[in-house]
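# A closer look at the structure
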Amino acid sequence: MALNLNCPICGPRSGYEFRFGGEDKGPRPAEEGATTALWLAYAHLNRNVAGVQREWWCHKDGCGTWFRVCRDTVTNCEVPTVDTL
Amino acid sequence: MLKRSTQPKRLWRSAPLKPAYDAVVIGGGLHGLAAAYFLASRHGMQDVAVIEKRYIGYGGAGRNTAIVRANQRTSENVPLYKEALDMWPRLTRELDFNLMFYNCGNLNLAHSEAALKAMRLQTATAQFHGVDSRLLTPAECKALIPALDITDRPKYPIFGGMFHPPGGIVRHDAVVWGLAKGASARGVHIHQDTAVTGIEVQRGKVAAVQTSRGRIATPRVLNAAGAYAAALADHLLDIRLPISVLTIQAMVTQPLKPLLDHVISSGGYHIYANQTLKGEIATGAHMDRWPNYTTGTSAYYIKHQAEALTDLLPCLQGVKFMRTWAGLADMTPDMAPIMSGNDPVQGYYQDCGWGYFGFKSCAAAGKYMAQYMTTGTCPEILAPFDPGRFAAHRLMGETAALVNYSADN
Ligand SMILES: Cc1cc2nc3c(=O)[nH]c(=O)nc-3n(C[C@H](O)[C@H](O)[C@H](O)COP(=O)(O)OP(=O)(O)OC[C@H]3O[C@@H](n4cnc5c(N)ncnc54)[C@H](O)[C@@H]3O)c2cc1C
Ligand SMILES: [Zn+2]
């Protein structure tokens, strides 16, 4: 399914130039005192929302920037950022 | 003259939705129908319901490219897939329904020394488990498929191949219909157009399932909702799984005279293909690079597929694609499935994360999940598939390369 994304540096580009970087799960857990459960959740567990989710992307075949966008996983379209997610 | 009957003969009966069942299976796909069939046929469970949101076979069950084989990579996986492969002829007889098992063999191509080395390990693992799998030279590959270009002209020249004679193709719709027929004949109720919307838990145990057509009391439920299983587990029970859902596409060409007698696949080109009994070349392999639930196809992959196919098999140049479609694949970080039960909720079982291996495995997975749900104890063969392996970071080595849908690679 086709996808276009807005790179904060390069603007709108074909989705195939980007690498998906996973669901946005908040900041990386601090090494100190981090439990197995915390690392498991951060590294592997997903919500798999059917709808709008905030996620990481990298403009791999472009400027190399990592950034976050909101995308609807049912329509596969980028949507304006929702702060409550 | 053929006599046309006025009433189409149904393979399975419709039944009223009862307020209570011994077991409820979520999803009328391959794994749900297989588990229900074995619950009724092997464990004498009288009251089993399969709850299907759309119609049976709506998910991956009706969209896959029907390839079966047993030469997986690891010792935990091979025995399960071997048993599943061995079951097709027996199930055909048992269900009294032709599953059209065509054991034409699978040829997997290597395009580098490194790929050949990996195949050497994979064939050794297969042979250790009694699965027929052998390494072939490029000339031997060409003897099997004369249309292959084994010169050094292609972008990725052929270094050798791995041939797995007992694998092949099974008619995927027939598996859905046959299992539904067998399950229904043994008393299983199949409820289509019915969505599971909730799971009631009382004192840590499953008590009931809520559906779009009412509440069903039950002590055990199997989540076999395929690509929707992970979202469902999160939504209904707050159980998060290490799954990413990606769209996977497939397509068929116009029918041709016989030219491809085996299933052929290539990791280098990211492609697999076989010739159907109608003569079409059925081909696929690509997943979208990002999770989505669209089941949409794209020009990008049709172009890729055409380029790869014609580089491997130049005689296909100019042949037209007739049809393209897509379904969803529930991928795990190690490309091995998740099967578990009674954790953290007693009576809750899950069988998912099959990615694009869920057709070939369904008979064995259904058989053992049925045993698990009857006895409450995990059968030994399923123990490695517990999701606890991700917490321990002991991922299985079923992936050939790092997966790109997971954030940690
Ligand atoms: C294009 C493509 C090619 C493939 N090729 C192969 C192949 O060659 N070989 C192979 O082994 N595998 C292949 N696969 C993978 C295989 O099809 C899947 O792994 C398999 O279908 C999984 O079976 P399942 O029973 O878990 O899920 P499914 O068959 O998808 O069934 C799940 C069912 O659950 C239902 N459901 C969802 N939510 C609910 C709810 N809330 N309530 C009730 N019901 C619900 C759905 O409607 C669906 O019918 C392919 C997949 C695709 C998409
Ligand atoms: Zn950029």
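An unreviewed UniProt entry annotates chain B as FAD-binding oxidoreductase of Desulfatitalea alkaliphila.

Per an unreviewed UniProt entry, chain A is named Sarcosine oxidase subunit delta, and its organism is Desulfatitalea alkaliphila.

Moving on to the overall build of chain B. Helix and strand content of chain B: nine helices and 19 strands. Its C-alpha atoms give chain B a radius of gyration of 21 Å, within 12% of the compact-globule value 22 Å for 409 residues. Seen through its principal axes, chain B has C-alpha atoms that stretch 65 × 65 × 40 Å. Considering only contacts in chain B between residues 6 or more positions apart, those separated by 24 or more positions represent 75%. Where the 40 positive side-chain charges of chain B centre and where its 31 negative ones centre are 7 Å apart.

In this structure, W88, L99 and V175 of chain B are the most contacted members of the largest nonpolar core, which totals 76 residues. Viewed by domain, this core spans two of them, domain 1 (23-64 + 173-242 + 335-397) and domain 2 (106-165 + 244-331) of chain B, each represented by three or more residues. Discounting chain neighbours no more than four positions away, the residues touching W88 of chain B are V68, L99, F101, V170, V175, F359, K360 and C362 of chain B. Within the second largest apolar cluster, 33 residues are counted, among which are L40 and L45 of chain A together with L241 and F390 of chain B.

Moving on, we get to the coordination of the zinc ion (ligand 2). Residues and elements named next belong to chain A. In the first shell of the zinc ion (ligand 2), the protein supplies C7 (SG), C10 (SG), H59 (ND1) and C63 (SG), at 2.0 to 2.3 Å from the metal. Around the zinc ion (ligand 2), the four donor atoms are arranged such that angles at the metal cover 103 to 122 degrees; this shape is classified as tetrahedral. In this structure C10 comes out as partly exposed when scored by relative accessible area, which is 36%. Judged by its relative accessible area of 1%, H59 falls in the buried class.

So, about the UniProt feature "domain: FAD dependent oxidoreductase" (unreviewed entry) in chain B. Per the UniProt record, "domain: FAD dependent oxidoreductase" (unreviewed entry) is annotated on residues 22-371 of chain B. A distance of 14 Å separates the end C-alpha atoms of residues 22-371 of chain B, which is 29% helix and 27% strand.

Time to look at unusual backbone geometry. Omega for the peptide link from D343 of chain B to P344 of chain B comes to 5 degrees, which places this bond in the cis form. Positive phi outside glycine occurs at N48 of chain A, with the angle close to 55 degrees. The backbone of D96 of chain B shows a phi angle near 50 degrees, a positive value even though the residue is not glycine. Turning to its location among the elements, D96 of chain B is positioned in the loop between α2 (78-95) and β4 (106-110).

The next point concerns the pattern of salt bridges. Throughout the structure, instances matching the rule amount to 20 salt bridges over all chains. Taking the shortest distance from any N to any O, the salt bridge between D24 of chain A and R54 of chain A comes out at 3.3 Å. A residue pair is termed long-range when its members are at least 10 positions apart, and D24 of chain A in the loop between β3 (19-23) and α1 (36-43) and R54 of chain A in strand β4 (residues 52-58) qualify at 30 residues. Taking relative accessible area as the criterion, D24 of chain A reaches 18% and is therefore assigned buried. The salt bridge partner of R153 of chain B is D149 of chain B, with a shortest N-O separation of 2.8 Å.

Next up on the list: the sheet that holds strand β19 (residues 348-352) of chain B. All names here are of chain B. Strand order in this open sheet of six strands is β8-β2-β1-β12-β19-β18, and the pairing throughout is mixed. Since the sheet does not close on itself, it has two edges, and those belong to β8 (189-191) and β18 (338-341), each with one partner. Neighbouring strand axes in the sheet, compared pairwise and without regard to direction, differ in orientation by 15 degrees on average. As defined by bridge partners, strand β2 (residues 48-51) adjoins β8 across three bridges and the pair is classed as parallel. Within the sheet, the bridge partner assigned to V50 lies in β8 and is I190. In this fold helix α8 (residues 362-375) packs onto β1 (23-26), β12 (221-223), β18 and β19, with an angle of close to 170 degrees to the strand it touches most, β19.

This brings us to the layout of surface pockets. All names here are of chain B. Volume-wise, the second largest pocket comes out at about 570 Å³. Elements represented by at least two residues in the lining of the second largest pocket include exactly α5 (172-185), β15 (271-275) and β17 (321-331). Each residue belonging to the lining of the second largest pocket can be placed in one class, and the counts come to nine nonpolar, seven polar and six charged. Counting only domains with at least three residues in the lining of the second largest pocket, you end up with domain 1 (23-64 + 173-242 + 335-397) and domain 2 (106-165 + 244-331).

The rules behind the values
Residues numbered from 1 in each chain as written. Chains lettered and ligands numbered in written order. Predicted model: local features only at pLDDT ≥ 70, side-chain atom pairs only at ≥ 80, totals over all residues. Heavy atoms only, no water. Helix = DSSP H or I, 4+ residues; strand = E, 2+ residues; numbered from the N terminus. Rg over C-alpha atoms; globule rule 2.2 N^0.38 Å. Contact = heavy atoms within 4.5 Å. Lys, Arg positive; Asp, Glu negative; His and termini not counted. Charge placed at Lys NZ, Arg CZ, Asp CG, Glu CD. Core = buried A, V, L, I, M, F, W, Y, C linked by side-chain atoms within 4.5 Å. Buried < 20%, exposed > 50% of the residue type's maximum accessible area, 1.4 Å probe, protein only. Domains from an automatic or database assignment. Donors = N, O, S within 2.8 Å, 3.2 Å for Na, K, Ca; no water. Tetrahedral: all angles 85-135°; square planar, octahedral: opposite > 155°, others 65-115°. UniProt positions renumbered as here; feature names shortened; annotations may be inferred. Salt bridge = Lys/Arg side-chain N within 4 Å of Asp/Glu carboxyl O. Pairing = 2+ DSSP bridges. Axes fitted to C-alpha atoms, helices over the stretch in contact; angles between N-to-C directions. 1 Å grid on protein atoms, 1.4 Å probe; cavity = no way out; pocket = protein on both sides within 12 Å on 5 of 7 lines; lining within 4 Å. Points joined across faces, edges and corners; volume = space filled by probe spheres on them. Nonpolar A, V, L, I, M, F, W, Y, C, P; charged D, E, K, R; others polar.

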